[in-house]
Amino acid sequence: TYNGSLPGPLIRATVGNRVIVHFVNELDEPTTIHWHGVRVPIEMDGVPGISQPEVKKGESFTYDFIVRDASLYWYHPHVMSAAQVGYGLYGGLLVEDPADGVGVADTTTLVLSDIGFDKNGTLEDSESGGSAGMVFGREGAYVLVNGRTRPTLRARAGAPQRWRIVNMAKSRFFYLDLEGQEFVVIGQDGGFQASPTKADILLVTPGERYDVIVRPTGAPGSTLVLRAMLYNRGYGSIEYRSVEEIMTVALTNDPVVTKVDLPAISREITPPAFAGATPVPMVFTLPPQEAGYSEFRINGVPYWKAKPFRAELGETQFWTVTNDTDWDHPFHLHGYFFMVVDEKGAPLQPMVWKDTVNIPMKATAHILVTFDERPGTWMIHCHILDHAE
Ligand code: C2O
Ligand code: CU
């Protein structure tokens with residue numbers, strides 16, 4: 001854990017603040033902290049061999065950076081990440097803009113995760129499940145919301161609630177359903193959308209964040225259940241699985257709130273220019289098992305042979321990311337936000353900045369990204385952490 005709590009402490013900052021974290025490693029193994037989604041300088045990005053040395057047992061490191069964009073971010077190690085994150089090293093970083101204008105008093109952060117134990121109650125061996133577990137991406141059997149199994153959130157019927165949702169699970173996808181009630185999505189990874197969208201069910205893949213407004217509706221005194229529905233991210237994700245009840249929403253006995261004026265949320269977003277963008281193809285494959293283990297590849301190259309994709313400072317690139325495997329992969333880029341576009345480079349609507357996007361099995365995503373500042377070597381990886389490993 002970070003500071004003895006699971007999840008780690010929610011770090012709160014105002015946009016423009018300088019954040020200084022005095023990190024001490026008291027584990028018996030090396031680790032680092034990566035600030036997922038934050039536009040940090042490369043020295044603060046936490047990837048051994050690329051951006052910072054491992055912080056060894058007993059060592060410390062001072063993370064120091066300015067938070068320039070209001071949104072919900074999170075932090076986690078970048079060493080043995082399937083194990084270290086799976087065992088509980090993760091926490092939120094909430095960067096707020098005092099002028100954000102949403103005006104919903106009831107706001108909460110929901111950290112979604114899971115954890116696995118074996119029969120004698122100790123943390124599940126990170127090697128459990130063997131190579132099939134690796135290929136699937138191991139999920140812990142206990143689903144957690146802010147570190148608890150099935151907590152209760154008290155709400156006044158009809159009153160809007162703002163939920164800042166983040167999926168910190170090592171592999172699990174959360175396909176959220178509040179008994180069919182509507183989620184109004186106002187933001188994602190990199191802050192507000194250009195305009196809100198409505199959803200009856202909300203898919204939050206590992207690493208992603210969603211900023212939503214819900215108005216839990218029902219008779220005062222009754223309860224609603226937030227469920228994680230079955231989502232097919234590849235063989236094994238709907239077979240032998242069941243819907244999980246993850247949180248209870250208990251409506252108070254206060255009178256129902258009927259009149260609500262939500263502010264019209266909109267944001268001016270300028271997409272990266274498609275004209276002149278350098279095309280970069282990326283294809284994910286999982287060739288048939290050799291020597292007893294499976295190995296994901298990007299453009300035919302396994303990670304241990306991979307050379308970095310290259311970009312010039314100031315360059316915009318158009319990445320065509322094809323997932324040729326039978327599994328979904330939530331694709332994450334460090335250090336920069338990108339925009340998901342169609343095959344002709346037109347932004348998907350409404351526009352929004354992403355740092356993690358799910359690429360369904362046998363599907364292709366197109367993204368535009370501008371490397372306008374902060375030279376360095378930045379990681380791209382799947383956020384199913386067994387795949388990343
Ligand atoms: Cu959550 Cu390499 O990232
Ligand atoms: Cu993956």
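None of these values were measured; they are calculated from a predicted model.

Q: Explain the pairing of strand 17 (residues 244-251) residue by residue, including any values.
A: Across the eight residues of strand 17, six count as buried, placing the element largely inside the fold. Looking at chain direction, strand 9 (residues 152-155) and strand 17 are connected through four bridges and run parallel. Opposite Ala 155, over in strand 17, you have Leu 251 as the bridge partner.

Q: How would you sum up the sheet that holds strand 11 (residues 174-178)? Please name residues and give values.
A: What the five strands build is an open sheet, ordered 9-17-16-11-14; its pairing is mixed. Edge positions in the sheet fall to strand 9 and strand 14 (202-204), since each of these pairs with one other strand and no more. Ignoring which end each strand starts from, the neighbouring axes of this sheet average 25° apart. Sheet analysis places strand 16 (residues 223-228) next to strand 17, joined by six bridges and oriented antiparallel. By the bridge assignment, Leu 226 is partnered in strand 17 with Met 247.

Q: How would you summarise the coordination of the copper ion (ligand 2) if you had to cite specific residues and measurements?
A: Surrounding the copper ion (ligand 2) are the protein donor atoms His 329 (ND1), Cys 382 (SG) and His 387 (ND1), at 2.0 to 2.1 Å. Sequence positions of the donors to the copper ion (ligand 2) reduce to the motif H-x52-C-x4-H. With respect to burial, Cys 382 and His 387 carry one shared label: buried.

Q: Could you give an account of the nonpolar core, naming the residues involved and the relevant values?
A: If you look at soluble globular proteins, the nonpolar side chains tend to sit buried side by side. Among the nonpolar cores identified, the biggest contains 48 residues, and Trp 35, Phe 65, Trp 319 and Phe 331 are the most heavily contacted of them. Element by element, the count of residues in this core is highest for strand 25 (residues 363-371), at five residues. If sequence neighbours within four positions are ignored, Trp 319 has contacts with Val 280, Met 282, Phe 331, Leu 333, Ala 365, His 366, Ile 367, Val 369, Phe 371 and Ile 380. Counting 27 residues, the second largest nonpolar core, distinct from the first, contains Leu 153, Ala 157, Tyr 210 and Leu 224.

Definitions and limits used
Residues numbered from 1 in each chain as written. Chains lettered and ligands numbered in written order. Predicted model: local features only at pLDDT ≥ 70, side-chain atom pairs only at ≥ 80, totals over all residues. Heavy atoms only, no water. Buried < 20%, exposed > 50% of the residue type's maximum accessible area, 1.4 Å probe, protein only. Helix = DSSP H or I, 4+ residues; strand = E, 2+ residues; numbered from the N terminus. Pairing = 2+ DSSP bridges. Axes fitted to C-alpha atoms, helices over the stretch in contact; angles between N-to-C directions. Donors = N, O, S within 2.8 Å, 3.2 Å for Na, K, Ca; no water. Core = buried A, V, L, I, M, F, W, Y, C linked by side-chain atoms within 4.5 Å. Contact = heavy atoms within 4.5 Å.

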